[in-house]
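# Understanding the architecture of this molecule
Spelled out from the first residue to the last, the chains are:
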Amino acid sequence: DISLTETLKRVIADFQRYAEMSHVALAMESDTDIPLVHADRSRIIMVMQTFIDNAVRYSPQSGSVRVLLKKEGAFIRFSVSDTGVGIPAMQQKNIFDKFFRASNIMQYQTEGTGIDLFISRYIIEASRGSIGFTSEENKGSTFWFMLPIKK
């Protein structure tokens, strides 16, 4: 049983300096009294880190990243929205595929395996949750996952 609020606070603290060095504003918003979820803390941290790292990495200087945690019915929704490069519409269907990397990100970061989002999907689905995103090229993306509230 884990508190996503406390977990996220630690992850945000770890990324604050990286965001500052990248000249990207990183902000967190959360509902009060977020219930616990039943999941593997270390793996959920990995998914949070992947979403936040990608958002900061692919946002231009003076960009912003907003992390949101809120209760939606019987689920807790975690989302990361950025003002970054976005994902080309024709490539969005592949974003959670193993080894996939969008063509427009190579100018920002040439390193990477294209496996983090694939693993993230597996972790969230194994935790009885759902995962997804919305994106518009040259405007930004929002990646999210939802986990069921502990009963």
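As a reminder, the structure under discussion sits directly above these lines.
These lines cover the structure that appears in this document, whether it is placed above or below.

## A short note on helix 2 (residues 41–57)
Helix length check: helix 2 (17 residues) gives 24 Å between terminal C-alpha atoms against 24 Å at 1.5 Å per residue, within 8%. Along helix 2, the residues classified as buried are Ile 44, Val 47, Met 48, Thr 50, Phe 51, Ile 52, Asp 53, Ala 55 and Val 56.

## Focus on the nonpolar core
Of all hydrophobic cores here, the largest spans 36 residues; its most connected members are Leu 4, Ile 44, Phe 51, Ile 52, Val 67, Phe 78 and Phe 145. Put simply, the parts of the chain that give this core at least two residues each are helix 1 (4–21), helix 2, strand 2 (64–72), strand 3 (75–82), helix 3 (116–126), strand 4 (130–136) and strand 5 (140–148). By residue number, the principal contributor to this core is helix 2, which donates seven residues. The residues contacting Phe 145, other than those within four sequence positions of it, are Ile 44, Val 47, Met 48, Phe 51, Ile 76, Arg 77, Phe 78, Ile 124, Ser 130 and Ile 131.

## Focus on unusual backbone geometry
A positive phi angle, close to 60 degrees, is found at His 23, a residue other than glycine. Relative to the helices and strands, His 23 resides in the loop between helix 1 and strand 1 (25–30). One non-glycine residue, Arg 128, lies in positive phi territory at about 65 degrees. Turning to its location among the elements, Arg 128 is positioned in the loop between helix 3 and strand 4. By relative accessible area, Arg 128 is classed as exposed at 54%.

## With respect to the side chain of Asp 82
Inspection of the secondary structure assignment puts Asp 82 in strand 3. Within polar-contact distance, the side chain of Asp 82 engages the backbone nitrogen of Gly 84 at 2.8 Å. Beyond its immediate stretch of four places on either side in the chain, Asp 82 contacts Ala 55, Ser 59, Ser 64, Val 65, Lys 139, Gly 140 and Ser 141.

## Concerning the packing of helix 1 against helix 2
In the contact formed by helix 1 and helix 2, the axes pass within 10 Å of each other and the chain directions differ by 35 degrees. For the crossing formed where helix 1 meets helix 2, the hand is right-handed. Counted together, Leu 4, Thr 7, Leu 8, Arg 10, Val 11, Ile 12, Phe 15, Tyr 18 and Ala 19 of helix 1 and Arg 41, Ile 44, Ile 45, Met 48, Gln 49, Ile 52, Asp 53, Val 56 and Arg 57 of helix 2 form the full contact between these two elements. Residue classes in the contact of helix 1 with helix 2 are distributed as 12 nonpolar, two polar and four charged.

## Quick look at the packing of aromatic side chains
If you walk through the whole model with that rule in mind, you get six aromatic pairs. Seen from their ring centres, Phe 51 and Phe 143 are 5.6 Å apart, and the 50 degrees between their planes marks the pair as tilted. Of the two residues, Phe 51 is situated in helix 2 and Phe 143 in strand 5; the sequence distance between them amounts to 92 residues. Each of the two residues, Phe 51 as well as Phe 143, counts as buried.

## Observations concerning helix 3
In an α-helix, one full turn covers 3.6 residues, which means residues spaced three or four apart are oriented alike. Looking at helix 3, one finds that the buried residues are Leu 117, Ser 120, Ile 123 and Ile 124. Summarising the axial view, the buried residues of helix 3 lie within an arc of 115 degrees, below the 170-degree limit, and thus occupy one face. Opposite the buried face of helix 3, by more than 90 degrees, sit the exposed residues Tyr 122 and Ala 126. Looking at the buried residues of helix 3, the elements they touch are helix 2, strand 4 and strand 5. Looking one or two residues beyond helix 3, the residue adopting positive phi is Arg 128, at roughly 65 degrees.

The rules we used
Residues numbered from 1 in each chain as written. Predicted model: local features only at pLDDT ≥ 70, side-chain atom pairs only at ≥ 80, totals over all residues. Heavy atoms only, no water. Helix = DSSP H or I, 4+ residues; strand = E, 2+ residues; numbered from the N terminus. Expected span 1.5 Å × (residues − 1). Buried < 20%, exposed > 50% of the residue type's maximum accessible area, 1.4 Å probe, protein only. Core = buried A, V, L, I, M, F, W, Y, C linked by side-chain atoms within 4.5 Å. Contact = heavy atoms within 4.5 Å. Polar contact = N/O pair within 3.5 Å; in protein donor to acceptor, adjacent residues only side chain to side chain. Axes fitted to C-alpha atoms, helices over the stretch in contact; angles between N-to-C directions. Left-handed = near helix turned anticlockwise from the far one by under 90°. Nonpolar A, V, L, I, M, F, W, Y, C, P; charged D, E, K, R; others polar. Phe/Tyr/Trp six-rings, centres within 6.5 Å; stacked < 30°, edge-to-face > 60°. Arc of directions from axis to C-beta.

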